[in-house]
Amino acid sequence: MGRHRGAEPHEQRRNRARARVGTGAVDEVETADDGGPAGAADTTATPHPNGGAPGAARTTPRTGPTPVHTPERPGPDAIASARALTKVYGAGETQVRALDGVDVDLARGSLTAVMGPSGSGKSTLMHCLAGLDSPTSGSVIVDGVEISRMSQRQLTKLRRTRIGFVFQAYNLVPTLTAAENIRLPLDIARKPVDKARFDAVVRAVGLEDRLHHRPSELSGGQQQRVACARALVAEPSVVFADEPTGNLDSRSAAEVLGFLRRSVDDLGHSVVMVTHEPSAAAYAHRVLFLADGRLEAELLHPEEGDILAAIGELSAARERRQAAPGATAAAGDGTR
Ligand SMILES: Nc1ncnc2c1ncn2[C@@H]1O[C@H](COP(=O)(O)OP(=O)(O)OP(=O)(O)O)[C@@H](O)[C@H]1O
């Protein structure tokens, strides 16, 4: 069990949390330490929904990476879209073109994974799509609303009301219980808690018997499931998850990824996840590959083996391009 925290009144704890959260973006919440586990993991690991269990024979032909074709205008099925999205950091010799004209539609009701070498622009893309960073040029549309020219105040409201976040560091408020952490975005937005909705999300993440525990009394996987429930309880238009399993062991990672996939398949959510792990990306309906700030290719419903093969193929093609006469230096460092 975790540390005893004394008898601080609930309202006082919650008010302190509100003060820390400030603008309401969940990423601004104080980070909890990853305390000791409180009992064994309590949900069953979900196998990769796209198939491909280790050692199992393949039942479908292997699919290779294909170019991404994006229509000129986003259609009604897109929950988030970018057109000619460009983000340049710095100036002069130190200038970095983190995104270099990205055109993409992310489908509503779908789990999309974004992969690519280190420095390829994954986090920048996610931050621009989520209204956490503003593009240098180009447009971003979230759930039908153009956000790229919004003021900071409008973006804060958008993040509070329409977007859910899950980060590698669980970012739970250590003084609040799991239930209080899950309700926090609603409390901050002064929205009532829909009990049926709250119960459904808690059931889906398998945290019914952990609701009164504080983060230090939960395992890393349980803490991340609290973070997932917190991201989903307010029914956001879209959830952005940045390396959500980066701190987790493989079993806890499978639980969190299984939940994210079920939140799409069973609860109808839209999730965009940045990951380095082919095993994590294999939970997605679609995997996008970025390189040097550009969208390189995609895979639909891939197994882990398809993703590994695609990474190899894309990286070999990149090396050939870079070795070709007249090739220019890449924006990313390409170390992964
Ligand atoms: N605030 C910043 N100032 C200057 N350069 C930045 C900034 N943020 C990102 N970059 C640069 O932009 C490029 C893309 O970075 P980004 O973090 O989006 O890549 P990534 O694919 O998410 O990398 P990783 O997998 O290592 O997290 C990199 O070259 C990075 O150094």
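Counting restarts for each chain: residues are numbered from 1 in the order of the written sequence. Per-residue local features are limited, in this predicted model, to residues with pLDDT of at least 70; the limit for side-chain atom pairs, both in listing and counting, is 80 or more; totals at the level of whole chains, interfaces and linings are taken over all residues.

1. Observations regarding the pairing of strand β8 (residues 271-274)
It is a general feature of regular strands that their side chains alternate between the two faces of the sheet.
For step 1, the next point in the chain: Backbone-placed C-beta atoms define the burial measure: a residue is buried with 20 or more other C-beta atoms within 10 Å of its own, exposed with 12 or fewer, and partly exposed in between. Secondary structure follows DSSP: runs of H or I at least 4 residues long count as helices, runs of E at least 2 residues long count as strands, and numbering of each begins at the N terminus. Side chains V271 and M273 of β8 all project onto a buried face; the interleaved residues V272 and V274 project onto the opposite face, where all are buried too.
For step 2, the next point in the chain: Each pair of strands is called paired provided DSSP finds at least two bridges between the two strands. Note: strand β3 (residues 111-115) against β8, 4 bridges, orientation parallel. Bridging from a neighbouring strand, T112 pairs with V272 of β8.
For step 3, the next point in the chain: Following the backbone out of strand β7 (residues 238-242), through helix α7 (residues 250-265) and into the adjacent parallel β8, one traces a crossover that is right-handed. The handedness rule is simple: strands pointing away from the viewer, and a clockwise path from the first strand over the helix to the second, make the crossover right-handed.

2. As for the site of the ligand
For step 1, the next point in the chain: Any residue qualifies as near a molecule or strand once its backbone-derived C-beta atom lies within 6 Å of it. Neighbouring the ligand are 14 residues, the closest being Y89, A98, S118, S123 and T124.
For step 2, the next point in the chain: Secondary-structure elements contributing two or more residues to the shell around the ligand are β2 (96-107) and α2 (122-129).
For step 3, the next point in the chain: In terms of residue count, the dominant contributor to the shell around the ligand is α2 (3 residues).
For step 4, the next point in the chain: Following the grouping adopted for this structure description, the nonpolar residues are Ala, Val, Leu, Ile, Met, Phe, Trp, Tyr, Cys and Pro, the charged ones are Asp, Glu, Lys and Arg, and the polar ones are all others, Gly among them. Residues of the shell around the ligand, tallied by class, amount to 4 nonpolar, 9 polar and 1 charged.

3. Here's the deal with the sheet that holds β2
For step 1, the next point in the chain: If you trace the 4 strands from one edge of the open sheet to the other, you get β2-β1-β4-β5, paired in antiparallel fashion. Here the strands that pair on one side only, and so sit at the sheet edges, are β2 and β5 (145-146).
For step 2, the next point in the chain: Sheet analysis places strand β1 (residues 78-89) next to β2, joined by 9 bridges and oriented antiparallel. By the bridge assignment, K87 is partnered in β2 with L99.

4. Examining the UniProt feature "domain: ABC transporter" (unreviewed entry) in the protein
For step 1, the next point in the chain: UniProt records the feature "domain: ABC transporter" (unreviewed entry) for residues 80-317 in the present numbering.
For step 2, the next point in the chain: Helix makes up 37% of residues 80-317 and strand 26%, with an end-to-end C-alpha separation of 29 Å. UniProt positions are given in the numbering used here, feature names are shortened, and annotations may be inferred rather than shown by experiment.

5. Section: the packing of helix α4 (residues 178-188) against helix α6 (residues 220-233)
When two helices pack together, you describe them by how their axes are tilted relative to each other and by the distance separating the axes.
For step 1, the next point in the chain: Under this scheme, a helix contributes an axis fitted over its contacting stretch, all axes are lines through C-alpha atoms, and angles between N-to-C directions fall in the 0 to 180 degree range. One way to put it is that α4 packs onto α6 with a least axis distance of 8 Å and a crossing angle of 30°. By the angle between their directions, the pair α4 and α6 is classed as roughly parallel. For α4 against α6, the interelement crossing comes out right-handed. Across from A178, N181, I182, R183, L184, P185 and L186 in α4, the residues of α6 making contact are V226, A229, R230 and V233.
For step 2, the next point in the chain: The class makeup of the residues in the contact of α4 with α6 is 8 nonpolar, 1 polar and 2 charged. For classification purposes, an angle smaller than 35 degrees is called roughly parallel, one larger than 145 roughly antiparallel, one from 65 to 115 roughly perpendicular, and anything else oblique. Throughout, a crossing is termed right-handed when the near helix is turned clockwise from the far one, and left-handed when it is turned anticlockwise from it by less than a right angle. Each residue is represented by a C-beta atom placed from its backbone, and any two residues with such atoms within 7 Å are regarded as in contact.

6. Side note on the confidence of the model for the protein
For step 1, the next point in the chain: Across the chain, each position has a pLDDT score giving the predictor's confidence in that residue, from 0 to 100. The predicted model of the protein averages 82 in pLDDT, with 80% of residues at 70 or higher.
For step 2, the next point in the chain: Put simply, helix α1 (residues 10-21) is where the protein has its lowest mean pLDDT, 38, and β3 is where it has its highest, 97.
For step 3, the next point in the chain: Note that residues 1-44 has pLDDT below 50 and, in this model, 78 contacts with residues that lie over four places away or in other chains.
For step 4, the next point in the chain: Here the complex is predicted with pTM 0.82, and the ipTM for its interfaces comes to 0.98.

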